Amino acid sequence: MQIIEKTLRTVIRDVYDFPKKGIIFKDITPIFKDAKLCEQIIDAFEQKFKDLDLDAIVGIESRGLLFGFLLANRLSIPFIPIRKEGKLPAETYKQSYDLEYGQATIEIHQDAFEPGAKILMHDDLLATGGTIAAASKLIEKMGGQIMAFAFVVSLDFLQGKDSIRPYCDRIFTLVDY
Ligand code: AMP
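The sections below set out a description of the structure shown in this document. These numbers were taken from a predicted model, which means no experiment stands behind them.

It is worth spelling out the site of the ligand at this point. Around the ligand there are 13 residues in total, and Arg63, Asp123, Thr128, Gly129 and Thr131 lie nearest to it. Residue Ala127 places a main-chain N or O atom 3.1 Å away from an oxygen atom belonging to the ligand. Here an oxygen atom of the ligand sits 2.6 Å away from a polar atom, N or O, in the side chain of Thr131. Against a free-state accessible area of 490 Å², the protein chains account for coverage of 79% of the ligand.

As structure tokens, this is what we get:
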């Protein structure tokens, strides 16, 4: 096991029954208290993706905005937020997707990138993959090329990787449960 994975396993906190009964929430906020660990996470992502000739990083609200922005800044490329409906101020494209109960909608600014752009998709955690798959659909509709996926955590027992593989099978995670 890599040192970073070992450290993440001790730092990420399990919160039982949040946000509802039966869910074990992987709380990544303790990571942010450790500046060195944050730097190591960005170092690991940078090493993995620096040769992909990326044009932009797309990060998903809300926790995907944090390391996503840091990584884009490290690679000196643009960062593009995907947000929940109603948060982005300019003209947007939308994508709806199914949740366990009901639907959710995410949005991206229409001028976020040029068609053909090489994009890295990022979120803090891959669970069922529903959100990042919807985001990937949106990126492809806009003519973006998904080059890779990066997550700090994957909950492998929820099989999220299967739902995003059709968009790109380069899926990099730092710790899998
Ligand atoms: P999903 O669409 O199921 O992949 O999950 C969407 C988002 O919900 C992820 O980006 C996570 O930020 C968050 N999430 C889902 N399940 C968990 C969990 N067990 N612990 C922490 N965050 C979670």
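With that out of the way, let us pick up the packing of helix H1 (residues 3–11) against helix H3 (residues 35–49). The interhelical angle for the contact between H1 and H3, taken along N-to-C directions, is 135°, at an axis separation of 11 Å. Taken together, the axis directions place H1 and H3 in an arrangement best described as oblique. Along this stretch, H1 crosses H3, giving a crossing that reads as left-handed. Contacts between H1 and H3 involve Ile4, Thr7, Leu8 and Val11 on the former and, on the latter, Leu37, Gln40, Ile41 and Ala44. Taken together, the residues of the contact of H1 with H3 break down into six nonpolar, two polar and no charged.

With that out of the way, let us pick up the pairing of strand E4 (residues 79–84). Pairing analysis gives four bridges linking strand E3 (residues 56–60) to E4, with the strands arranged parallel. From the neighbouring strand, Gly59 faces E4, where its bridge partner is Pro81. Taking the sense of rotation as the criterion, the β-α-β connection linking E3, helix H4 (residues 64–75) and E4 turns out right-handed.

Side chains bearing opposite charge may pair, as long as their charged atoms lie close to each other. Per the stated rule, a full pass over the model turns up 15 salt bridges. A salt bridge links Lys94 to Glu107; the shortest N-O distance between them is 2.9 Å. Separated by 13 residues along the polypeptide, Lys94 in strand E5 (residues 92–98) and Glu107 in strand E6 (residues 103–109) bring together distant segments of the chain. For Lys94, a relative accessible area of 47% translates into the label partly exposed. Glu107 gets classed as buried once you look at its relative accessible area, which sits at 4%. Measuring nitrogen to oxygen at the nearest pair gives 2.8 Å for the salt bridge that ties Arg165 to Asp162. Beyond isolated ion pairs, a larger network of salt bridges with shared partners links Asp43, Glu46 and Arg74.

Here we take up the side chain of Asp27. With respect to the secondary-structure elements, Asp27 resides in strand E2 (residues 24–27). At a separation of 2.7 Å, a polar atom in the side chain of Asp27 contacts the side chain of Arg13. A polar contact of 2.9 Å, which involves the side chain of Asp27, links it to the side chain of Thr29. Apart from residues no more than four positions distant in its own chain, Asp27 is found in contact with Ile12, Arg13 and Val15.

When H1 is considered as a whole, its buried residues turn out to be Ile4, Glu5 and Leu8. Axial view of H1: buried residues confined to an arc of 100°, hence all on one face. Away from its buried face by more than 90 degrees, H1 exposes Ile3, Lys6 and Thr10. The inward-facing, buried residues of H1 abut helix H2 (29–32), H3, strand E8 (145–154) and strand E9 (171–176).

So, how was this worked out
- Residues numbered from 1 in each chain as written.
- Predicted model: local features only at pLDDT ≥ 70, side-chain atom pairs only at ≥ 80, totals over all residues.
- Heavy atoms only, no water.
- Near = heavy atom within 4 Å.
- Polar contact = N/O pair within 3.5 Å; in protein donor to acceptor, adjacent residues only side chain to side chain.
- Areas by Shrake-Rupley, 256 points an atom, 1.4 Å probe, with all protein chains shown as cover.
- Axes fitted to C-alpha atoms, helices over the stretch in contact; angles between N-to-C directions.
- Helix = DSSP H or I, 4+ residues; strand = E, 2+ residues; numbered from the N terminus.
- Parallel < 35°, antiparallel > 145°, perpendicular 65-115°, else oblique.
- Left-handed = near helix turned anticlockwise from the far one by under 90°.
- Contact = heavy atoms within 4.5 Å.
- Nonpolar A, V, L, I, M, F, W, Y, C, P; charged D, E, K, R; others polar.
- Pairing = 2+ DSSP bridges.
- Right-handed = clockwise from strand over helix to strand, strands pointing away.
- Salt bridge = Lys/Arg side-chain N within 4 Å of Asp/Glu carboxyl O.
- Buried < 20%, exposed > 50% of the residue type's maximum accessible area, 1.4 Å probe, protein only.
- Arc of directions from axis to C-beta.

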